[in-house]
Amino acid sequence: MPERLMIGLMSGTSADGIDAALVSCGAGIALKASLDFPLPADIKQEIVDISHSGSAEIERMGSLDRRLGILFADAVDALLSKAGVAPAAIAAIGSHGQTLRHRPPSAGNEPAFTVQIGDPNTIAERTGITTVADFRRRDIAAGGEGAPLAPAFHAAAFAQAGKNRAIVNIGGFANVTLLSGETLMGGFDSGPGNTLLDQWVLQHQSQPFDRDGQWSAEGNCNDDLLAAMLSDDYFSSDGPRSTGKELFNRHWLETYLQATPSIRAQDVQSTLSELTATSIARSITGAEIPVDEIYVCGGGARNVDLMRRLYRHLSPRKLEDTSALGLDPEWVEAVAFAWLAEQTLQQLPGNAPIVTGAQGKRILGGIFPA
């Protein structure tokens with residue numbers, strides 16, 4: 001295919017900003033420019049508040065949907081200005097949106113559903129660029145989980161003949177992609193990534209995240225607490241599965257903390273870091289294919305303590321971040337949604353049924369013309 005410039009937009013569980021990536025799609029996939037566009041504090045708080053049931057939800061969601069659409073458009077404008085690229089040069093924007101609810105079939109939800117907001121009509125109108133959005137719901141309609149969607153992109157970007165690889169994305173939640181040569185063998189959410197770590201350090205250190213994992217590294221893992229948390233049914237499930245803050249949240253954590261009321265806050269942080277590392281590692285060591293190489297992306301790749309724990313669990317396998325494969329780990333998800341938008345425009349499937357459990361391959365997303 002000829003080279004086309006796309007933009008990918010991603011706002012994750014932390015809701016602290018919009019990742020915007022300018023991507024070249026065609027014969028290959030290349031990141032041309034990137035921008036971290038911060039979300040205002042009041043918007044972040046609204047996202048946190050509406051993530052829990054409350055009053056006037058329809059009014060609040062409608063307003064937040066439009067306001068986020070405006071901010072996504074502003075992020076695009078800022079990225080193009082930084083890159084010195086005109087809007088007319090962009091084929092399309094792929095916007096993941098901000099997830100408010102994720103109720104997948106693997107958790108027993110009937111009907112299953114997922115909700116992402118950040119009005120694509122507003123993005124298209126304000127930028128003058130065709131926008132592709134609402135990627136997850138077609139897969140849900142086809143009986144799938146609607147997530148994770150990144151494994152199909154991981155296969156396109158990182159698979160290599162003769163290499164058995166795992167690609168691990170550690171955002172708010174962690175997902176693992178299994179690649180045997182050029183074949184996608186599976187993918188799933190392994191459990192919490194940064195979300196519980198971020199919530200705990202915010203509560204006890206008034207910091208949005210534990211920089212480099214310094215606080216968790218200075219604590220001690222509580223083996224009893226770790227074992228109790230790992231006994232959750234999610235960690236023993238198999239097949240297509242996805243999760244979110246509907247399961248792994250402060251209430252979930254506090255339920256297990258009741259058995260260890262005197263534990264130091266710092267030791268809880270250390271145990272949560274070990275929970276993330278252990279659940280990821282078990283997903284890889286217990287895989288049906290032998291994995292020789294692991295590449296990490298997402299914000300968790302910058303957490304030194306978490307990466308050390310993964311090294312310890314996964315040695316002697318090769319463990320690096322995705323920069324070793326030519327793509328900065330912080331931008332992999334945003335690039336993925338640029339690629340997914342290109343798939344949609346080319347009328348090619350974006351899901352992987354072996355990952356999501358959908359009844360078949362589907363073209364994902366709705367197209368909102370410029």
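The structure displayed is predicted, hence computed values, not measured ones.

On to the pairing of strand 9 (residues 183-192), then. Taken across its 10 residues, strand 9 has eight buried, putting it largely inside the fold. Here strand 8 (residues 173-180) runs beside strand 9; their pairing, made up of eight bridges, is antiparallel. From the neighbouring strand, Leu179 faces strand 9, where its bridge partner is Leu184. Counting the residues between successive antiparallel strands, the hairpin from strand 8 to strand 9 contains two residues, one of them, Gly181, with a positive phi of roughly 60°.

Following the sequence through the fold, Arg309 ends up in helix 11 (residues 304-314). Placed 28 residues apart in sequence, Arg309 and Ala281 show a C-alpha to C-alpha distance of 9.4 Å. Residues within four places of Arg309 in sequence aside, it is in contact with Ser216, Ser270, Ser273, Glu274 and Ala277.

The subject of this paragraph is the sheet that holds strand 9. The strand order across the open sheet built from five strands is 9-8-7-10-11, with neighbouring strands paired in mixed fashion. In this open sheet, the two edge strands, each paired with only one partner strand, are strand 9 and strand 11 (318-321). The sheet shows a mean angle of 20° between the axes of neighbouring strands, direction not considered. For strand 10 (residues 293-297) and strand 11, the ladder comprises four bridges, and the chain directions are parallel. Pairing of Glu293 across the sheet is with Lys318, part of strand 11. Contacts between helix 5 (residues 150-158) and the sheet are confined to strand 7 (164-170), strand 8, strand 9 and strand 10, with strand 8 contributing the most and set at about 45° to the helix.

Conventions adopted
Residues numbered from 1 in each chain as written. Predicted model: local features only at pLDDT ≥ 70, side-chain atom pairs only at ≥ 80, totals over all residues. Heavy atoms only, no water. Buried < 20%, exposed > 50% of the residue type's maximum accessible area, 1.4 Å probe, protein only. Helix = DSSP H or I, 4+ residues; strand = E, 2+ residues; numbered from the N terminus. Pairing = 2+ DSSP bridges. Contact = heavy atoms within 4.5 Å. Axes fitted to C-alpha atoms, helices over the stretch in contact; angles between N-to-C directions.

Function cannot be inferred from these measures alone, as they are strictly geometric.
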